[in-house]
Amino acid sequence: MSSEQTHPSDPVWAKLDELLPELEQLYTDIHAHPELSMQETRTADAVAGQLRTAGYEVTTGVGKTGVVGILRNGEGPTVMLRADMDALPIKEATGAAYASTVEATDAEGQTVPVMHACGHDMHVTWLIGAIRLFAQAKSAWRGTVMAVFQPGEEIAEGAQAMIDDGLFDRFPKPDVILGQHVMPGPAGVIGGRTGVITSAADSLQIRLFGSGAHGSMPQASIDPVVMAAATVMRLQTIVSREVAAAESAVVTVGALQAGSAANVIPDEAVIKLNVRTFDENTRQRVLGAIERIVNAEAKASGAPKKPEITPLDRYDLVVNDAEASQQVVTAFRRYFAGDRIQETGPAPASEDFGSFGAQWHAPSVFWFVGGIDPEAYAKAKKEGRSNEIPTNHSPHFLPVIHPTLEAGVEAMVIAARAWLTA
Ligand code: ZN
Ligand code: ZN
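In what follows, the accompanying structure is described. (Residues numbered from 1 in each chain as written. Chains lettered and ligands numbered in written order. Predicted model: local features only at pLDDT ≥ 70, side-chain atom pairs only at ≥ 80, totals over all residues. Heavy atoms only, no water.)

Let's talk about the packing of helix α7 (residues 224–242) against helix α8 (residues 280–301)
Point 1. At a closest axis distance of 9 Å, the pairing of α7 and α8 adopts a crossing angle of 150 degrees. Crossing of α7 against α8: the hand is right-handed. Residues M227, A230, T231, R234, L235, T237, I238 and E242 of α7 pack against R285, V286, A289, I290, R292, I293, V294, E297, A298 and S301 of α8.
Point 2. When its residues are assigned to classes, the contact of α7 with α8 shows 10 nonpolar, 3 polar and 5 charged. (Axes fitted to C-alpha atoms, helices over the stretch in contact; angles between N-to-C directions. Helix = DSSP H or I, 4+ residues; strand = E, 2+ residues; numbered from the N terminus. Left-handed = near helix turned anticlockwise from the far one by under 90°. Contact = heavy atoms within 4.5 Å. Nonpolar A, V, L, I, M, F, W, Y, C, P; charged D, E, K, R; others polar.)

Structure below.
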């Protein structure tokens, strides 16, 4: 299970055990001080300090709070390693000694609780562990390590912000881009697949226009409440009637707002919905169906104005390059015991990691690392209670520090070294 058994003399691993207490401290500190998307200044400072101490060339403020660290070590491939830094507006309920009590002001000016409920604190710590190990064993590899700490993953803004801020012009083009995410699964177990690894996601806001009136005189109104209700019901038929059995999609209406009094018919209704797809054709089909249904329902109601459909955010599919994935899996299998590497299906989660590879035209590979206590996980599974295990974005989500921490550091280093050979 540990590096010593498989690579007794590899200098890259010489300092891992020594580094772990320091990484644990860094992790609990970041966990206790979460920051909202695009506000990650404290985390970025900590990351920049770590990179500088380890001897990396550091550029801060890339895409607002993003940080890039470069370590050149002779001729060889450039490997980009990515971690995301942001937390979520969730009130932590884990009861951990290092739980967050932080509140912050969100983009709308509201005071909200903040929590690392998606494990990005773990991602930052993994990458710091990896950059430290590369820095202390330069004789064991050749090439360039490019560490990218990105802001704003949770709002699909950070990767694009770094790209728009000249990431591709200011830094060397990587031969491969690697990223990883902590997920509910036995701690230390690594899951991945070739091809699509996370879904595309589209969030839309739809404003339906009616015509208000007194509640006692429906004949004088065009009721947006009924229009919205019919629209929501009809939207359910997209997945059930328009998506083929072998394909899959999710259409979730997460918000439906209209009116405020029992006896007043309001002027308009607002629907916010989220779409997940695993294939571009399916995505286009679902988005087309939404537009068609929304417009047709408004017309059926005699709406005075066409509905207004506004995209809120968008995540592209994350697709693991076939050849690069094979290279990563081969390296993992050589290092980790067989039962620690598992092939997963595509996850109905979304990530902006894919933007880097897709827009830079570089192969990328993304994988998952389990973070749940293995005994608790096995017990829950045996008792048919797997769905009770807190998932990412739950106020109860809390990875066990060990062996999640070392597993992610090891996985990142091993994957990178499939390119960075001496
Ligand atoms: Zn998340
Ligand atoms: Zn995440």
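Picking up where we left off.
What about the side chain of S37?
Point 1. Relative to the assigned elements, S37 resides in the loop between α2 (16–32) and α3 (41–53).
Point 2. When its relative accessible area of 14% is taken as the criterion, S37 is described as buried.
Point 3. Reaching out from S37, the side chain makes a polar contact with the side chain of D86 at a distance of 2.7 Å.
Point 4. Ignoring sequence-local partners within four residues, the contact set of S37 consists of D86, A87, G152, E154 and I155. (Buried < 20%, exposed > 50% of the residue type's maximum accessible area, 1.4 Å probe, protein only. Polar contact = N/O pair within 3.5 Å; in protein donor to acceptor, adjacent residues only side chain to side chain.)

A short note on the sheet that holds strand β8 (residues 190–192)
Point 1. Strand order across the open sheet formed by 8 strands is β1-β2-β6-β3-β7-β18-β8-β17, with mixed pairing between neighbours. On the outer flanks of this sheet lie β1 (57–62) and β17 (341–343), each paired with one strand and no other. For this sheet the average axis-to-axis angle between neighbouring strands, irrespective of direction, equals 25 degrees.
Point 2. Lying over the sheet, helix α9 (residues 322–335) contacts β7 (176–186), β8, β17 and β18 (364–372), oriented at roughly 40 degrees with respect to β18. (Pairing = 2+ DSSP bridges.)

Describing the sheet that holds strand β15 (residues 308–315)
Point 1. Ordered by their spatial adjacency, 4 strands build an open sheet running β12-β14-β10-β15, and the pairing between neighbours is antiparallel. Single-partner strands in this sheet number two, and they are β12 (249–258) and β15. Ignoring which end each strand starts from, the neighbouring axes of this sheet average 15 degrees apart.
Point 2. Of the strand pairs in this sheet, strand β10 (residues 200–209) and β15 are connected by 7 bridges, and their pairing is antiparallel. Residue pairing for β15: L204 is matched across the bridge by P311.
Point 3. Here α8 sits on the sheet and contacts β10, β12, β14 (268–277) and β15; the angle it forms with β10, its principal contact strand, is near 5 degrees.

Some details on the nonpolar core
Point 1. Residues L81, F134, F149, L178, F332 and W367 are the most contacted members of the largest nonpolar core, which totals 65 residues.
Point 2. Of all the elements, helix α12 (residues 401–417) adds the most residues to this core, at 10 residues.
Point 3. If we skip the residues at most four places from it in the chain, F149 touches V47, L51, G66, V67, A83, M85, V124, L127, I128 and M162.
Point 4. Within the second largest apolar cluster, 22 residues are counted, among which are V243, A269, L287 and A298. (Core = buried A, V, L, I, M, F, W, Y, C linked by side-chain atoms within 4.5 Å.)

Some details on the pattern of salt bridges
Point 1. Evaluation of the coordinates by the stated rule reveals 17 salt bridges.
Point 2. The partner of E308 in a salt bridge is R207, with the nearest N and O atoms 3.5 Å apart. Taken together, the residues span a long stretch of sequence, with E308 in strand β15 and R207 in strand β10 at a distance of 101 residues.
Point 3. E308 sits in the partly exposed class, given a relative accessible area of 34%.
Point 4. We note a salt bridge from R292 to E242, for which the minimum N-O separation is 2.7 Å. One end of the pair, R292, is in helix α8; the other, E242, is in helix α7, and 50 residues separate them in sequence.
Point 5. In the salt-bridge network here, residues are joined through shared partners; they are R82, D84, E351 and D352. (Salt bridge = Lys/Arg side-chain N within 4 Å of Asp/Glu carboxyl O.)

Bear in mind that shape data such as this cannot, by itself, settle questions of function.
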